[in-house]
2 protein chains.
Amino acid sequence: MPDIQDPHATASTSAHSAKSAGRWGRHGEAPAISADMAEFLAHEVGVAQPWVESASVTHLDQRTGPVSASLVDLIARAREIVGAGHVHLDPQLRLRATTGGSYTDYANLRSGAQVDLPDAVISPADHQQAQQLIEAADATRIVVVPWGGGTSVVGGLRLTGPRIALRTDRMQDMFDLDSQAGLVTVGAGMTGPRLEALLAPRGFTLGHYPQSWEQATIGGYVATRSAGQASTGFGRAEDMVAGLRVATPRGEWSIGRAPASADGPDLTRLMIGSEGRLGVITEVTLRLRRRPTHQRYEAMAFPTMAAGIAAFREMAQTGISADVMRLSDAAETATALRQSAPTGALGQAFATYLRSRGITERHGCLAILGWESTRRTLLGSRRNAAWDVLRGFGAVSLGRNAGESWRRNRFQAPYLRDALLDHGYLVETLETAGTWSQLLPIRDSIHAALVHSLSDATTTPYVMTHISHVYETGASLYTTVLAVADQSSPVSQWARAKQDVTDCIINSGGALTHHHAVGRDHAPWLASQVGEIGLDVLQAVADQLDPRGICNPGVLIPPRAPQVPTK
Amino acid sequence: MPDIQDPHATASTSAHSAKSAGRWGRHGEAPAISADMAEFLAHEVGVAQPWVESASVTHLDQRTGPVSASLVDLIARAREIVGAGHVHLDPQLRLRATTGGSYTDYANLRSGAQVDLPDAVISPADHQQAQQLIEAADATRIVVVPWGGGTSVVGGLRLTGPRIALRTDRMQDMFDLDSQAGLVTVGAGMTGPRLEALLAPRGFTLGHYPQSWEQATIGGYVATRSAGQASTGFGRAEDMVAGLRVATPRGEWSIGRAPASADGPDLTRLMIGSEGRLGVITEVTLRLRRRPTHQRYEAMAFPTMAAGIAAFREMAQTGISADVMRLSDAAETATALRQSAPTGALGQAFATYLRSRGITERHGCLAILGWESTRRTLLGSRRNAAWDVLRGFGAVSLGRNAGESWRRNRFQAPYLRDALLDHGYLVETLETAGTWSQLLPIRDSIHAALVHSLSDATTTPYVMTHISHVYETGASLYTTVLAVADQSSPVSQWARAKQDVTDCIINSGGALTHHHAVGRDHAPWLASQVGEIGLDVLQAVADQLDPRGICNPGVLIPPRAPQVPTK
């Protein structure tokens, strides 16, 4: 079995596929950047050079030397457990298993940096095989990294050293649908589109639509505490989980109970957001909603961001939130209007509105509200009550077309980013959450930090922010930054900015992350959120479930100096 | 300091106060049992003899022998920390600190059983004093039991051995009100009535109304994951917590962040429901609601329990739940009508309804819906939509008077229980939750188990159940049982029944507890809910935060046989 002896042997053939991996879509799928947009970027950000992808990309493991006997043993055992056809040594697949969707991931690949590949990608068919695989890995002390959709933007999959990727792609079964309760159990590898397709004819929806929806998996939603675009109405991932089945080195753990209990601390919450560090989530029991039969998406303009925030707060605190609530600041509004240029309808409507109010384009803010219901009359009464509030804060309707257009294009941003990267622009997003009165100060400090970090003599970043998840106590902030990429060292260019802006978010009282999770990129700041005691508690739970530390080490809990043992 | 040398010295004076402690209210506060009710009980349950409270009650500690030097040290240190006036050795207070509100607690006291008192009751003024006290207790290896309202019905306060009670009565401050976000921080000893009185003039409410509202504390709500009577609209205790400050032997732990985050697992959820086993919650940051300006409570009748359940399910799953939703089974309906006898209006309305439908009294079920809102129009549209559903399931309105009457009397049941105990009846409640299709089967099996356990040749228990907390996936079940008390061994009479009925709830797939918590009484069953791995995880967290095991040992995690150490 020479391929087991050295799974790295064929890695040098991966150069091309690795270059393709530095993007969200396939080569050729990215939309064209319009001349108008190109001019806007050149004017607002600076002139960029098309990204010259490295010709010398090798993606060979940084590690050299023979493969360990334990790894050979584990791969042989894995073939017995899952079948030889589901143990993959192909470098393309191994590369995908360690690559997320962050700018750092893409820039790394585009600039030809070395990537440490996992030694094998192994696809168990079900919980039982996953459990056996984890136990085999534990016995051989080989690290296991779960790989679902591969959409982490926080380095959740990025690590070095001998390891296997446990791919959840074969665990896509749906079972135990309780149509009375609206509960269903699914394999962790189920994707959003597949789940919604299975649920639709049965009259249900999950209603979880993160921007990564096309590729992400249910297991990933849960492991990272994600929030979909309709989280205001449908809840966050943690609100959707009624139960979990987890494969840990200590054995199978099934937890959770519908509809509610006071059975001590809710231990499902310990696995939700555990990012593979406490074991691999193999099955999720989800709370479903009846599939809405009435929908209305609409756009509106506010005179200022502050007016929009005040209106959203009033809606949230009086029980008339829409299911989708988004509010763009003036900078994002400007680009949204420009992107809609092909039809021009939204831009014209907005301009008409601004003129009629005597408002400058510098302050006007676009908002999208999406209403979903199984009852037409209820949708109407909620919406009517909301418009009473909205009008009070100066909102003017821009109609349904713009709202529907947002809805149709809601998963397109990552493809647009591919195009912008091709054009030589750094594009990255970051997010936080704050209470209502914190939102504008946090946004301002984020913008200032990014402008400070990413400006030079000839270029200035373009920074824009929106609110997209609304709670009674506050909301999320989601910032996109465009800058001219430093193609000679893109990763460190962004790393410096990320360090500065994260410090600034923490100092402003914002959440370290609202829905992107911790991964490796945010781990250095986790103590600021949960305390050193919190890290110790997480470590104690990890030591209990995974005593040998084989489960995705490095996420969540930052490496700390070893403590001097006490007597 | 002789009183420190032996804090038990004056315990024998506590006989009278201890007898008074075997009830919810003060002596003389229990309502009279009407002749009609007495006849009903005699007919349905059996003839009981007024409870003869033991004349030989001593309530002396079962422990004898000298007080340990560590305890003497701790009490001296406690006087330095909190001030001598806040270290209480009075046996009355010490008795209250170890007595909850369960039938077992009351029967124990009424029948003169020995009670192991804590050695001192200590009231820190704030978090800092509580933290110092915990650290002093940890240094002397003396157990600490937090004592808030003393309303545990699961033995949360009941233990033996040297220990101090950390009373939270002085920690009732309210600070850091953020009126934009609707967030406030309060001391753990704040009671519901005091908090609502402080919030009302500021336009806010917490909206948490457990039956123990008059006595229970915010810290207790959180430590036990309680659910108030309006939880359907206002959420459970865990939904109300934005942050926590905890005193642990490892030091202060502050956790939580509003409004939402993906900062790894939500560690606040580890403390919510921790029942004092992981430290003492000293401050809670609460999510508030705007104080409703419009309220409507109303009663209705359903032809059967099944029809009521189906209507409640339809409301919950189409987003038109009321804030309070209660549905009594036919047995509870019969007693509710009888209790309302003084006016008779409800009983007459109900009888008229039943006759008009040709329904026998055996099946008709009473329901209460309570609507609360800051907008009259929204209350109306929700209620109208709900009545479309309700009528479809045969509901007939019994008007607002009955609803308002329920609301006025919502905290009266424990006083009525005092009266029933005085008359010689065993009265206890138990609760669970299940998915919609489980509810009737679980209810039936609970009733069967109780009738089997508590019947004898001459008496049969009266068992009645209601739904009072509604979720999209299911609901809670709350059962009250009335039986003739075995005054010679009341504790073991109930212990046998509790064992049987809990086994039966678990076997039927119900939650071990929906809102009463685990305490010591439910601990033996916790593994059935969270698995042995779950218990190990809880133990690992406890070992991390409380390495010497001084924090309320015995709750949550059942004592287990010591494991043989592995090499």
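This text follows the structure it describes.
Residues numbered from 1 in each chain as written. Chains lettered and ligands numbered in written order. Predicted model: local features only at pLDDT ≥ 70, side-chain atom pairs only at ≥ 80, totals over all residues. Heavy atoms only, no water.

Side note on the pattern of salt bridges
All names here are of chain A. Applying the stated criterion across every chain yields a total of 50 salt bridges over all chains. One salt bridge in this structure joins Asp388 and Arg391, with 3.4 Å as the shortest N-O distance. You can see Asp388 and its partner Arg391 sitting in helix 16 (residues 376-392), three residues apart, about one turn around the helix. For the residue pair Asp388 and Arg391, the accessibility class agrees, reading exposed in each case. One continuous salt-bridge network, built from bridges that share partners, spans Arg23, Arg110 and Asp422. (Salt bridge = Lys/Arg side-chain N within 4 Å of Asp/Glu carboxyl O. Helix = DSSP H or I, 4+ residues; strand = E, 2+ residues; numbered from the N terminus. Buried < 20%, exposed > 50% of the residue type's maximum accessible area, 1.4 Å probe, protein only.)

Describing the relation of the copies chain B and chain A
In this structure, two copies of a chain are linked by a rotation about an axis accompanied by a shift along it. With an RMSD of 0.0 Å, chain B superimposes on chain A once it is rotated by 180 degrees and translated 0.0 Å along the axis. Such a combination of rotation and displacement between the chain copies is what one expects of a two-fold axis. Interface overlap between copies is the fraction of interface residues in one copy that are interface residues in the other; for chain B against chain A it reaches 99%, indicating a shared surface. (Least-squares fit on C-alpha atoms with pLDDT ≥ 70 in both. Contact = heavy atoms within 4.5 Å.)

Observations concerning the sheet that holds strand 1 (residues 87-88) of chain B
All names here are of chain B. Strand order across the open sheet formed by four strands is 1-2-4-3, with mixed pairing between neighbours. Of all strands in the sheet, those bounded by a partner on one side alone are strand 1 and strand 3 (143-147). Relative to strand 4 (residues 163-167), strand 2 (residues 120-122) runs parallel, the two sharing three bridges. Looking at the pairing, Val121 lines up with Ala165 of strand 4. (Pairing = 2+ DSSP bridges.)

What to know about the packing of helix 19 (residues 439-454) of chain A against helix 20 (residues 490-507) of chain A
Residues and elements named next belong to chain A. The contact between helix 19 and helix 20 brings their axes to 9 Å, and the two run at 155 degrees. The angle between the axes of helix 19 and helix 20 places the two elements in the roughly antiparallel class. The interaxial crossing formed by helix 19 with helix 20 has right-handed handedness. Within the contact between the two elements, helix 19 uses Ser445, Ile446, Ala449, Leu450, Ser453 and Leu454 and helix 20 uses Gln493, Trp494, Arg496, Ala497, Asp500, Val501, Cys504 and Ile505. Here the contact of helix 19 with helix 20 is composed, by residue class, of nine nonpolar, three polar and two charged. (Axes fitted to C-alpha atoms, helices over the stretch in contact; angles between N-to-C directions. Parallel < 35°, antiparallel > 145°, perpendicular 65-115°, else oblique. Left-handed = near helix turned anticlockwise from the far one by under 90°. Nonpolar A, V, L, I, M, F, W, Y, C, P; charged D, E, K, R; others polar.)

Notes on helix 6 (residues 103-110) of chain A
Residues and elements named next belong to chain A. For helix 6, the tally of buried residues reaches eight of eight residues, placing the bulk of the element in the interior. Considered for burial, the residues of helix 6 that qualify are Tyr103, Thr104, Asp105, Tyr106, Ala107, Asn108, Leu109 and Arg110. Backbone geometry just downstream of helix 6 places Gly112 in the positive-phi region, at approximately 80 degrees.

Focus: the packing of helix 21 (residues 526-545) of chain A against helix 21 (residues 526-545) of chain B
To characterise two packed helices, one gives the angle between the axes of the helices and the distance between these axes. Interhelical geometry of helix 21 of chain A versus helix 21 of chain B gives an angle of 140 degrees and a closest axis separation of 9 Å. Read as a crossing pair, helix 21 of chain A and helix 21 of chain B show a hand that is right-handed. When helix 21 of chain A is examined against helix 21 of chain B, the residues A:Ile533, A:Asp536, A:Val537, A:Ala540, A:Val541, A:Gln544 and A:Leu545 are found in contact with a partner set consisting of B:Ile533, B:Asp536, B:Val537, B:Ala540, B:Val541, B:Gln544 and B:Leu545. Looking at the contact of helix 21 of chain A with helix 21 of chain B, its residues break down into ten nonpolar, two polar and two charged.

Some remarks on the environment of B:His208
Residues and elements named next belong to chain B. Locating His208 in the fold gives a position in the loop between strand 7 (204-205) and helix 9 (218-224). Its relative accessible area of 1% is what places His208 among the buried residues. Spatially, the C-alpha atoms of His208 and Phe234 are 7.1 Å apart, while their sequence positions differ by 26 residues. Filtering out sequence-adjacent residues up to four positions away, His208 remains in contact with Glu196, Trp213, Tyr221, Ser226, Ala227, Gly228, Gly235, Arg236, Ala237 and Met240. A distance of 2.6 Å separates polar atoms of two side chains, one belonging to His208 and the other to Ser226. (Polar contact = N/O pair within 3.5 Å; in protein donor to acceptor, adjacent residues only side chain to side chain.)

A word on the environment of A:Thr459
Assignment of secondary structure puts A:Thr459 in the loop between helix 19 and strand 17 (462-467). Not counting residues within four places of it along the chain, the set of residues in contact with A:Thr459 comprises A:Val45, A:Gly46, A:Leu454 and A:Val484.

Some words on the pairing of strand 6 (residues 183-187) of chain A
Residues and elements named next belong to chain A. Across the five residues of strand 6, five count as buried, placing the element largely inside the fold. The two faces of strand 6 match: Leu183, Thr185 and Gly187 on one face and Val184 and Val186 on the other face are all buried. Sheet topology places strand 5 (residues 174-178) next to strand 6; three bridges connect them, and they run antiparallel. In the sheet register, Asp178 faces strand 6, and the bridge partner there is Leu183. Turn length for the strand 5-strand 6 hairpin, with the two strands adjacent in sequence and antiparallel, is four residues, and the turn residue Gly182 shows positive phi of about 70 degrees. Both strand 6 and strand 10 (residues 280-287) contribute to a ladder of five bridges, which runs antiparallel. Across the sheet, Leu183 pairs through a bridge with Arg287, a residue of strand 10.

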